[in-house]
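# Per-entry structural report
So you can see what is in the structure, the chains are spelled out below.
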Amino acid sequence: MRESFSYFQTPFRNAQVNRDSQVFGDLESRASAVAPTLFSLGGDPLPSQKFSRKYLTRHKKSGQLWRRAVRITPGGVESNVRYFKPHPFLADYGDGGYIYDVDGNKILDLMMGFGALLLGHNNRDIALEVIKQLESGSMLGVTSELYIDYIQAVRKAVPSMKKVRLCNSGTEATMHALRTARAYTGRDKIAKAEGAYHGAHDYVLQSLDMDSRTASRMNGYRAIPYGRGIPKAVSDLVVIFPYNDIEATAAILEENEDEVGALIIEPVLCGPGVIAPKANYLKRLRQLTRKKGIVLIFDEVLTGFRLAYGGAQEYYDIRPDMTTFGKIAGGGFQLAGFGGEAQIMNVLEPGRGWKYATFHAGTYNGHPISVAAGLKGLEILGEHPEYYNHINSLGRQLYSGLQDLADDRRIPAWVEYVGSIGNVYFTTKDEIRNFRDTLSANTRRWWNWFIHCLGNNVLFGIPNTGERAFICTEHTEEDIEWALEVADNAFAAIGKEAGRHKEKAPTVQLQAVGEQAAVYGETPTPPSV
């Protein structure tokens, strides 16, 4: 399954100057630049020993098993994004809104399978459908009626998808959707928002992360490959634009007139955490792409079936040309897909010959077990619209509560959330509007907060500054109250630590406003927001 990019973020991006000198002291006079750091497997710094001590004490068996694993698989994990310092914990099983690890800890899970488990761990109704399908065969290799029923369920939830194809991960979904859009328009270039994550193929592993120094030196926006092994020839076909800045987006597309065939975007920018669209950005983007004949693709791998039954396009009342989906779509199993207007999807019609065909295939596409699980999950969500009221209410309780707690502790932070998805940025900025705004976040402070919470059995997503938490239908108000209590203790510990070490505060980089001015002109923030 495709996780989300922001687990990869670069360490020590910028420690941020704290505006509240009563707690943190006047750090501005002691500011110094942080040297750029190298790409690392974990992506972020090691938490302070004081904050990680309880975690290490509670996860001794996990540490032993991880040390075994690291000898036989890179990082000791299935995916780079699952690694974190001092070491990951290993799961035993999940149930409802909790995950139980090999050390016997019962952990409140606010990661929920990277957002895939909207109905919680081990949903009994889905499990029964899987068992039923197993009795009919785990792998058929030919089309079944179950596949047709599932496609119809997807179309009912998301009417903009007139025709749909299935695949196995969000990475596959965006890869095939982009190829389909390029084939339809006959244009080779694609456009994506800076900081957005659309999977792990070469075309979209562009401009996912950078340090603020690189951003400040950059003249405008350009595709920067994320990691080695991505050909420059691929990067040259990717156009980068800033999220939430429609004027800059329009100007960049104008410069690439008649070359961009598809624009792919996360409706809620989740690559660098959670950033909500502002100032009617999505609706204006819809108008812009339609005018220029560019296929607009909503990447709803994260937001699909979560913000609403019909995803972000229902939530924001916008109809894209194409949509990619995954995660929740499989009911906890490997399933993803893409779809859109019939005339676009028809380029995939078989029998057109190698000169004119657009290829899409996969041995496990429409896998019966995943389709059975996904169909049951969609049926449950369609029959229970009240579930969305429940998780969104808990989202308000959790994320507004986190903001209040940080404010009460005088911890400079901004909590951004949409519905049941949210994130904490330790920053002095009054608002987060785009990827470059997140470069000011204090990475070490976030890690210390995260590991303190996990040491007390609350998992706030994957450990990274740009990560996010997810709420499921099985979570309760009592669970959220417990999470807030643990989070408050972590805020208190951070404030106490900073208060004791005013003269040894982390080095800071006072460039955030200047960088914004360098990128956008005289004003310190994008002119359109």
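Residues numbered from 1 in each chain as written. Predicted model: local features only at pLDDT ≥ 70, side-chain atom pairs only at ≥ 80, totals over all residues. Heavy atoms only, no water.

The residue Ala487 is located in helix 16 (residues 477–500) in this model. Classification of Ala487 as buried rests on a relative accessible area of 0%. Counting along the chain gives 81 residues from Ala487 to Ala406, while the straight-line C-alpha distance between them is 9.1 Å. Setting aside chain neighbours within four positions, we find Ala487 in contact with Leu402, Trp449, Cys453 and Phe460. (Helix = DSSP H or I, 4+ residues; strand = E, 2+ residues; numbered from the N terminus. Buried < 20%, exposed > 50% of the residue type's maximum accessible area, 1.4 Å probe, protein only. Contact = heavy atoms within 4.5 Å.)

Here we come to helix 13 (residues 368–383). Between the first and last C-alpha of helix 13 there are 22 Å, a value that for 16 residues agrees with the 22 Å anticipated at 1.5 Å per step. Most of helix 13 is tucked away, with 12 of its 16 residues classed as buried. Of the residues making up helix 13, those classed as buried are Pro368, Ile369, Ser370, Val371, Ala372, Ala373, Gly374, Leu375, Gly377, Leu378, Ile380 and Leu381. Considering only its buried residues, helix 13 is in contact with helix 4 (124–134), helix 5 (145–157), strand 4 (163–167) and helix 14 (386–408). (Expected span 1.5 Å × (residues − 1).)

Our focus in this paragraph is the sheet that holds strand 13 (residues 458–459). Read from one edge to the other, the open sheet built from four strands follows the order 1-2-3-13, with strand pairing classed as mixed. The sheet is open, and its two borders are formed by strand 1 (91–95) and strand 13, each paired with just one other strand. Two strands pair when backbone bridges link them, and strand 3 (residues 106–109) and strand 13 are joined in this way by two bridges, in the parallel orientation. What sits directly across from Leu108, in strand 13, is Val458. (Pairing = 2+ DSSP bridges.)

As summarised here, the arrangement of the seven strands in space is 4-10-9-8-7-5-6, forming an open sheet in which the pairing is mixed. The outermost strands of the open sheet, each flanked by one partner alone, are strand 4 and strand 6 (238–241). Taken over all neighbouring pairs, the strand axes of this sheet differ in orientation by 20° on average, direction set aside. Contacts from helix 5 reach strand 4 and strand 9 (322–325), with the element oriented near 120° to strand 4. (Axes fitted to C-alpha atoms, helices over the stretch in contact; angles between N-to-C directions.)

Another point: the side chain of Asp101. For Asp101, the position within the fold is in strand 2 (residues 98–101). An unpaired buried charge is present at Asp101: no salt bridge exists, and Arg58, the closest side chain of opposite charge, is 8.6 Å distant. Not counting chain neighbours up to four residues away, the residues in contact with Asp101 comprise His59, Phe89, Leu90, Ala91, Asp92 and Ile107. (Lys, Arg positive; Asp, Glu negative; His and termini not counted. Salt bridge = Lys/Arg side-chain N within 4 Å of Asp/Glu carboxyl O.)

Once that is clear, we can look at the nonpolar core. Membership of the largest hydrophobic core comes to 73 residues, with the highest contact counts inside it found for Tyr150, Phe305, Leu398, Leu402, Trp449 and Phe460. The greatest single-element share of this core, amounting to nine residues, is contributed by helix 16. Ignoring any residue separated from it by four or fewer positions in sequence, one finds Leu398 in contact with Leu110, Phe460, Ile471, Ile480, Ala483 and Leu484. (Core = buried A, V, L, I, M, F, W, Y, C linked by side-chain atoms within 4.5 Å.)

The next point concerns a negative patch on the surface. On the surface, Glu145, Asp149, Glu379 and Glu383 cluster together into a patch of negative charge. Mapped by element, the contributors of at least two residues to the negative patch are helix 5 and helix 13. Given a relative accessible area of 61%, Glu145 falls into the exposed group. (Patch = residues over 30% accessible without salt bridge, like charges linked within 9 Å, V, L, I, M, F, W, Y side chains within 5 Å. Areas by Shrake-Rupley, 256 points an atom, 1.4 Å probe, with all protein chains shown as cover. Charge placed at Lys NZ, Arg CZ, Asp CG, Glu CD.)

Attention now goes to the pairing of strand 9. Within a regular beta strand, the side chains point alternately toward one face of the sheet and then the other, so they alternate between its two faces. With burial as the criterion, each face of strand 9 is covered, one bearing Met322 and Thr324 and the other bearing Thr323 and Phe325. One ladder, built from three bridges, connects strand 8 (residues 295–299) with strand 9; its direction is parallel. Looking at the pairing, Asp299 lines up with Thr324 of strand 9. In this structure, strand 9 lies alongside strand 10 (residues 336–340), joined through four bridges in antiparallel fashion. Following the sheet pairing, Thr323 is matched in strand 10 by Gly339.

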